[in-house]
Amino acid sequence: MCGIVGAVARRDIVPVLTEGLRRLEYRGYDSCGVAVLQYGVPRRVRSVERVANLAEQVDHAGLSGTIGVAHTRWATHGAPVTGNAHPIFSCGEIVLVHNGIIENHEALRKELKTFGYAFDSETDTEVIAHLIHHMRKQDPTRDLLVAVRRSLRRLRGAYAIAVFAKSDPNLVIGARAGSPLVVGLTDRGNYLASDPMALAGTADRFVYLEEGDVAVLTCDGVKIVDCGGEAVRREVQTQRASHHTTELGPFRHYMQKEIFEQPSVLADATERVQTLTPTLFGANAPHVFKEVDSLLILACGTSYYSALTAKYWFESIARLPTQVEVASEYRYRESVVNPRTLVVVVSQSGETADTLAALRHAQQLGHRHTLAICNVAHSSMMRQTDLQYQTGAGPEIGVASTKAFTTQLVALFLLAATFAQARGVADAARQAQWLEQLHHLPAALNGVLALEPQIIRWAEAFAHYEHALFLGRGMHYPIALEGALKLKEISYVHAEAYPAGELKHGPLAIVTNEMPVVTIVPNDALIEKLKSNMQEVRARGGLLYVFADEDAPLDDDDGVNVIRLPAHDGPLSPILHVVPLQLLAYHTACVRGTDVDKPRNLAKSVTVE
Ligand code: G6P
């Protein structure tokens, strides 16, 4: 999704801006641009191609300067064409980049037209640039900060902005409400970014702006005012943004690299846990756990599927009533508040607009207990909850989530096991068994990854289909949902998932000898039921692609393709069964020649509604 970089320094900042955009590429975008103040004149280059192409154009144009802003745009208002790419100018004076959506942009556009402003783009962003220009004209002091603050008061919606003005050659202003923005501090200049990863190698001291904050950056310092206009001090966090994130190593794509990183990230995530204790989730957790009698989990996309899987764990092993809801639905419906519910937000980025809004909605409704399960330590969700757990997947670049998903599952399993311990529903032997199963996960995952050659052979056949069904039962049903999501996200094959028992209530009508049906067959209590569902598919000529546990009692049958996973029972089975589905989606996409890491129309971090 959209990304921002801004800079003011005692050096040419163009390399920092283009490198910053390159580091933000993984978030997904469809156009990009850079603007600087060069010899007192705002100059910009914009492109609907990749950042590498923009960087070449920037070189060619000889862009350089000591203040500037840059942007990757993921189109919402207006097509992804150069004219809509940021930076956006107003009257050759104001230069602005924006993440988010301005909901009242139509009314503002009308109003600004009456003041004589002409619009060059179809973006909602252009109203902000003109508004700042207009406010500045009205103010005898011509103070850019005053103009920005007055303009922001007129906006409804979500934004993070970075702006500079032709007549203020020494400062860049950043502001946020609803979209993240961080200030990077160095001795030779100061920077803005929507994600600290953009500033890796440039800054390692960061200030995370709070809701409503406006920051004025000069070479020598940063002044921050809060939404009431009061000067505030925000904590400076030292954090080395990792370099290795952009190194692909021997892999063809980041997604493949991240699939294969799962044993090591899961080893890190599980080895640090030697006993089950509520403090894993924050200092206040022992107190909160005592008060909680149910869970409400809010999430989007892949994170939603990890939560759906975990519902089975919470209810079966912790005996805790659990509701899981898509964040964009929860935030807009009337719900009943139980003050003893723990609201859990699950999010790789910790910035997803709908999940963040759902969290705030829950808090406004009176939910007192909140927990964030996120991969990004200082993300908005981690800062807005009383309990936190960092999943530790490391940076995930591929838009389609893989290692972030499995580390979320580990975190959620730990939460369920810890609740079981705290609620006295699991004895010491059971707890020890869970920990042993968790510690064995990396080795078990290596066994699953060794199946890649067989999965590649399936993918070659799979790539020719336009539709696929995924079936699972019990806690493997959400894994079927995740498998179908992976396939459609990156290979563009239309895929749907059903609980296998639902087959006869509709989807069977589309099963023919052209329809591949991927079935997840763990050797658990539901296997006989699942075998009956597979027969229903075979009887209609459907093509079964079965991922079964090694010891699952299946007969060899014509037309049934089976890949056996190393034997594994117990509650962690979903974490193993999702991995072959990730590989199937990945290799199908490779055969179809899609842009695996940056699938069309999708973004890694969806910071707009
Ligand atoms: C986007 C990404 C998905 C992700 C979802 C939720 O749609 O493409 O991979 O699952 O957002 O993101 P979050 O950061 O909240 O987990």
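Residues numbered from 1 in each chain as written. Predicted model: local features only at pLDDT ≥ 70, side-chain atom pairs only at ≥ 80, totals over all residues. Heavy atoms only, no water.

Per an unreviewed UniProt entry, the recorded name for the protein chain is Glutamine--fructose-6-phosphate aminotransferase [isomerizing], and the organism is Paraburkholderia solisilvae. Its UniProt record gives the protein chain the following Function (unreviewed entry) comment, quoted word for word: "Catalyzes the first step in hexosamine metabolism, converting fructose-6P into glucosamine-6P using glutamine as a nitrogen source." Turning to the protein chain, the UniProt annotation filed under Subcellular location (unreviewed entry) states: "Cytoplasm". (UniProt positions renumbered as here; feature names shortened; annotations may be inferred.)

The next thing to look at is the domain arrangement of the protein chain. Taken domain by domain, the protein chain holds domain 1 (3-245), domain 2 (248-442) and domain 3 (451-609). Here domain 2 and domain 3 have C-alpha centroids that lie 24 Å from each other. Listed as interface residues are 41 residues of domain 2 and, on the opposing side, 39 residues of domain 3. Between domain 2 and domain 3, roughly 3300 Å² of surface is buried when both sides are summed, and carbon and sulfur atoms account for 67% of that area. Inspection of the domain 2/domain 3 interface yields one salt bridge. With a closest N to O distance of 2.5 Å, Glu 396 and Lys 604 form a salt bridge. (Domains from an automatic or database assignment. Contact = heavy atoms within 4.5 Å. Buried area = accessible area lost by both parts, 1.4 Å probe. Salt bridge = Lys/Arg side-chain N within 4 Å of Asp/Glu carboxyl O.)

All right, on to the pattern of salt bridges then. Throughout the structure, instances matching the rule amount to 22 salt bridges. Where Arg 154 meets Glu 111, a salt bridge forms, and the shortest distance between an N and an O atom there is 2.8 Å. Of this pair, Arg 154 sits in the loop between helix 5 (144-153) and strand 7 (157-165) while Glu 111 sits in helix 3 (residues 105-114), and the two are 43 residues apart along the sequence. Given the relative accessible area of 28%, Glu 111 is considered partly exposed. Measuring nitrogen to oxygen at the nearest pair gives 3.4 Å for the salt bridge that ties Glu 261 to Lys 257. Owing to a relative accessible area of 11%, Lys 257 belongs among the buried residues under this scheme. Through salt bridges with shared partners, a single ionic network connects Glu 19, Arg 22 and Arg 23. (Helix = DSSP H or I, 4+ residues; strand = E, 2+ residues; numbered from the N terminus. Buried < 20%, exposed > 50% of the residue type's maximum accessible area, 1.4 Å probe, protein only.)

Viewed as axis vectors pointing N to C, helix 15 (residues 452-462) and helix 18 (residues 573-592) meet at an angle of 50°, and their least axial separation amounts to 8 Å. In terms of their interaxial angle, helix 15 and helix 18 are classed as oblique. Here helix 15 runs over helix 18; the crossing is right-handed. Contacts from Glu 452, Ile 455, Ile 456, Trp 458, Ala 459, Glu 460 and Phe 462 of helix 15 reach helix 18 at Pro 580, Leu 583, Leu 584, His 587, Thr 588 and Val 591. (Axes fitted to C-alpha atoms, helices over the stretch in contact; angles between N-to-C directions. Parallel < 35°, antiparallel > 145°, perpendicular 65-115°, else oblique. Left-handed = near helix turned anticlockwise from the far one by under 90°.)

Per the UniProt entry, the sites bearing "domain: SIS" (unreviewed entry) are residues 285-425 and 458-599 in this numbering. Structurally, residues 285-425 comprises 46% helix and 20% strand, and the distance from its first C-alpha atom to its last is 18 Å.

Let's shift gears to the side chain of Ser 380. On the secondary structure map, Ser 380 appears in helix 12 (residues 380-383). Reaching out from Ser 380, the side chain makes a polar contact with the side chain of Glu 351 at a distance of 2.6 Å. (Polar contact = N/O pair within 3.5 Å; in protein donor to acceptor, adjacent residues only side chain to side chain.)

It is worth spelling out the pairing of strand 16 (residues 294-299) at this point. Counting buried positions along strand 16 yields six of six residues, so the element is predominantly enclosed. Relative to strand 18 (residues 341-347), strand 16 runs parallel, the two being bridged by five bridges. Residue pairing across strands places Ser 294 opposite Thr 341, the latter belonging to strand 18. Two elements, strand 16 and strand 17 (residues 322-326), share five bridges in a ladder whose sense is parallel. Across the sheet, the residue bridging to Ala 299 is Val 326, located in strand 17. Handedness of the crossover joining strand 16 and strand 17 through helix 9 (residues 301-317) is recorded here as right-handed. (Pairing = 2+ DSSP bridges. Right-handed = clockwise from strand over helix to strand, strands pointing away.)

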